[in-house]
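# Structural features, examined
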Amino acid sequence: MRWFAQIIEITWMSLATIPERLGSALVIVAGIAGVVSVLVALLAMGEGFQAVLAQAGRLDDAIVLRKGASAELNSGLSREDVVLIAQAPGVLKDSAGNPIASAEVVVVANLPKRSSGSDTNVEIRGVGQRVWELRSDAHIIAGRRFETGKRELVIGKGAQTEFAGLEVGKTVRLGLQDWTVVGVFASGDAHESELWADPEVLQGAYNRTGYQSVTLKLTDADAFDALKAALSSDPRLTVDVQRTRDYYATQSERLSRLIRILGVAIASIMGVGAVFGALNTMYAAVSTRSREIATLRALGFSATPVVISVMLEAALLALLGGLIGAGIAWYVFDKYTVSTLGANFSQVVFAFQVSPRLILNGLLWALGIGLLGGLLPAVHAARQPVTSALRAP
Amino acid sequence: MKFLHLVWASLFRKKARTILTLLSITVAFLLFGMLDAVRVAFTVRDSLEGASRLVVSSKLSIIQPLPYSDLAQIQRVPGVEQVAFANWFGGIYQDRKNFFANFAVSPNYLDMYPEFLLPEEQKQAFLTTRTGAVVGANLARRYDFKIGDKIPLQATIFPHKNGSNTWTFDLVGIFHTREARDRNQEDQLMFHYDYFDEGRTFGHGTVGWYTVKVSDPEHAQQAAQDIDRLFANSDAETKTQTEKQFNLDFVKQIGDIGLIVSSIMGAVFFTILLLTGNTMSQAVRERIPELAVLKTIGFSNQNVLWLVLGESLLLAAIGGSLGLLLAMGGAGALSAAFRGGAFAVGAQSWLTGIVIMLLLGLAVGLPPAWRAMRLRIVDALNEH
């Protein structure tokens, strides 16, 4: 209890002198704010990418691709394949006995990006009639759904903000055909980066006959094994089947891991710099207060509270820096949308996600850096011989 | 120069402080060097050969094939010297993680790339082996490929018509890039289009893209327009770009790497500026009486200004150079970690780095140096 009171007293005294050495205190705060903002922003980018793809996957949906195809764009299924797949066991059927499935055509179009004006690959997905039941998160937020048999497109919300010329009523030229934008949909996942259309009409525009994938609604999550067994034992089919949750998780794995490694590596290097900065500041703080500390020691304060109070001061300054850094990252980058090339060789639009967990993570880094930077100066302060420190000018 | 020892002595007046400051600068420049290496790796360079090459792909989208019959028509366009073609294969070697580019090419494809050095006898072997393949030296090193090896690739797009998903190629050649900085282009495998077209189950008679060599780079744009006009309003409209533009567009699709890198650098240098700036002014403040003594014994105002400025410039130069040297090692490690990456801290990065060192030294040193110069001896001596 005595210790505790001593710690509070000494810390309070030293905090009170901060205004006199604002410059050097700012070094800790700013240094750590820099580290934390970069760390949080980069991790938020990785998480955002991962989340937008993870959202697209479910436990009780399955996606069927041709065997060996790593993404829909590489896959190809014939009309006969598609019929067989939809009739497999484990697929949910509506009251009329029709399977809830969507045989999809995935192609890429060249459309200009809004920000740069240069052509980018945009995914167009031909989706079956049942898609709105299958992907129940997807709903129209402007205009209407496309009509079967017509050259009409509905645009994902993300695609609309990222690519130029996709307002409702506008026409998009695909080859020699004009397609009309009739609606905008939101789904909260990676599909928002896509343009949806009638698959058979889309096949015509791209001179194709087959499909890329079939997505199925399972009767329940456990029905997957039955479906998988049926599809892999059918000699007429050479396909791979996955839960959509696994399929989309694999797609984000590589890039989000890369971003995470980069973020932590860059922040670690910056963190080393910030530790040097903190050491510098705390040494300066301790040396300007060496007389005061010696006086306290002479008065009977023991060494440990001195050590703890110096570290506490460093930690408090560091936390302040961490809060500022996380705040900057949140203010500037939360919900900031960007896009990159995804597995289907087309743009995936995603937003940075500065989550509370990331902010906490950033604060822990700040605390770590602060304590590391405070430790040596604290020990140095406590070890100073009282007599010589008192005599010093 | 004759005051160098004086600058040096005052720099190490407080060893711990100087070393810590120095190390923070070193860390900043280490980061700068490595990030700049990444930026450079994603920068599309001008090259002599690249300027005279055009890429003809489908206007509809990059994934859409073009008819083989376009070849003869493109060859007749004025200014076109040679036309090669290729098709993306997208095969996987052993595991999905082992990604590298692999595609089928026309026999004259390698002639279009004089920057890929392939020994003549290997080139002949490639031309005469139907199942032959060539790989870049980097790739060969990574998987320990040797000439004579059979390389199996798992098809992702094109199953073989014999019902198997595996295509097997005979390695007959290993090429190097002429310049070390292009080493990331050694990460590809090429094999014969004829073998590919025969074995695939669909898409016969189509190619992924044409590569066109024009006789005069000055007329590349004109030739590109002429080619696109040939196929305008046809079923397969084309989009013809210089190779450089094609690569630029591709890098842009990955994302704005330049912006990300410069934002991080901004955060790093702002922090370092604050940190060293504070330390420098603190160091000068402590030495005011000494500076006053120097002035008393005849040092001019300018001398004092340069003494203080010299200190910060020296600190920035030593820390910066140390950081960039470390970054050179770090970039090597980065290249090893991302197999096939060719990250290097080049002359351009050093030049930018040196300019930043100078600016940092000036920004940090000028305010305290200015104060030191304006110091009035009497006041300064009185203070203590």
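Everything here concerns the structure above.
Treat the numbers as computed from the prediction; the structure is a model and nothing was measured.

### Things to note about the nonpolar core
Across soluble globular proteins, nonpolar side chains have a tendency to be buried as a group. Within the largest apolar cluster, 95 residues are counted, with the highest numbers of intra-cluster contacts made by I32 and I266 of chain A together with F29 and V268 of chain B. Ranked by residues supplied to this core, first place goes to helix 2 (residues 22-56) of chain A with 18 residues. If near-sequence neighbours (up to four positions away) are discounted, V268 of chain B is found in contact with M270 of chain A together with A28 and L31 of chain B.

### Considerations on the packing of aromatic side chains
All names here are of chain B. Enumeration over the complete set of coordinates arrives at 40 aromatic pairs over all chains. Summarising the aromatic geometry, the rings of F89 and F158 are spaced 6.4 Å apart at their centres and angled 10° between planes, so their arrangement reads as stacked. Of this pair, F89 sits in the loop between strand 3 (80-88) and strand 4 (101-105) while F158 sits in the loop between strand 7 (150-154) and strand 8 (166-177); the two residues are 69 residues apart in sequence, bridging distant segments of the chain. With a centroid separation of 4.2 Å and an interplanar angle of 35°, the aromatic rings of F169 and F191 are classed as tilted. Of this pair, F169 sits in strand 8 while F191 sits in strand 9 (residues 188-192), and the two are 22 residues apart along the sequence. The exposure class assigned to F191 is buried, which follows from its relative accessible area of 0%. Linked through ring pairs, Y68, F85, F89, F158, W167, F169, F191, Y193, Y195, F196, F202 and Y210 together constitute an aromatic cluster.

### Describing the interface of chain A and chain B
Every contact between the two is made by 54 residues of chain A and, on the other side, 50 residues of chain B. Summed over both partners, the interface of chain A with chain B buries about 4,100 Å², with 63% contributed by carbon and sulfur atoms. The largest contributions to the chain A side of the interface with chain B come from I269, F276 and N280 of chain A, which together make up 14% of the buried area. At the junction of chain A with chain B, the criterion picks out 1 salt bridge. The closest approach of N and O atoms between K239 of chain B and D119 of chain A, which form a salt bridge, is 2.9 Å. One can count 14 residue pairs in polar contact (both at pLDDT 80 or more) joining chain A with chain B. Mapped by element, the contributors of at least two residues to the side of chain A that touches chain B are helix 2, strand 2 (101-112), strand 3 (119-126), helix 8 (244-288) and strand 11 (337-341) of chain A. Per-element tally for the side of chain A that touches chain B: the top contributor is helix 8 of chain A, with 14 residues. Per-class residue counts for the side of chain A that touches chain B are 27 nonpolar, 21 polar and 6 charged.

Conventions we followed
- Residues numbered from 1 in each chain as written.
- Chains lettered and ligands numbered in written order.
- Predicted model: local features only at pLDDT ≥ 70, side-chain atom pairs only at ≥ 80, totals over all residues.
- Heavy atoms only, no water.
- Core = buried A, V, L, I, M, F, W, Y, C linked by side-chain atoms within 4.5 Å.
- Buried < 20%, exposed > 50% of the residue type's maximum accessible area, 1.4 Å probe, protein only.
- Helix = DSSP H or I, 4+ residues; strand = E, 2+ residues; numbered from the N terminus.
- Contact = heavy atoms within 4.5 Å.
- Phe/Tyr/Trp six-rings, centres within 6.5 Å; stacked < 30°, edge-to-face > 60°.
- Buried area = accessible area lost by both parts, 1.4 Å probe.
- Salt bridge = Lys/Arg side-chain N within 4 Å of Asp/Glu carboxyl O.
- Polar contact = N/O pair within 3.5 Å; in protein donor to acceptor, adjacent residues only side chain to side chain.
- Nonpolar A, V, L, I, M, F, W, Y, C, P; charged D, E, K, R; others polar.

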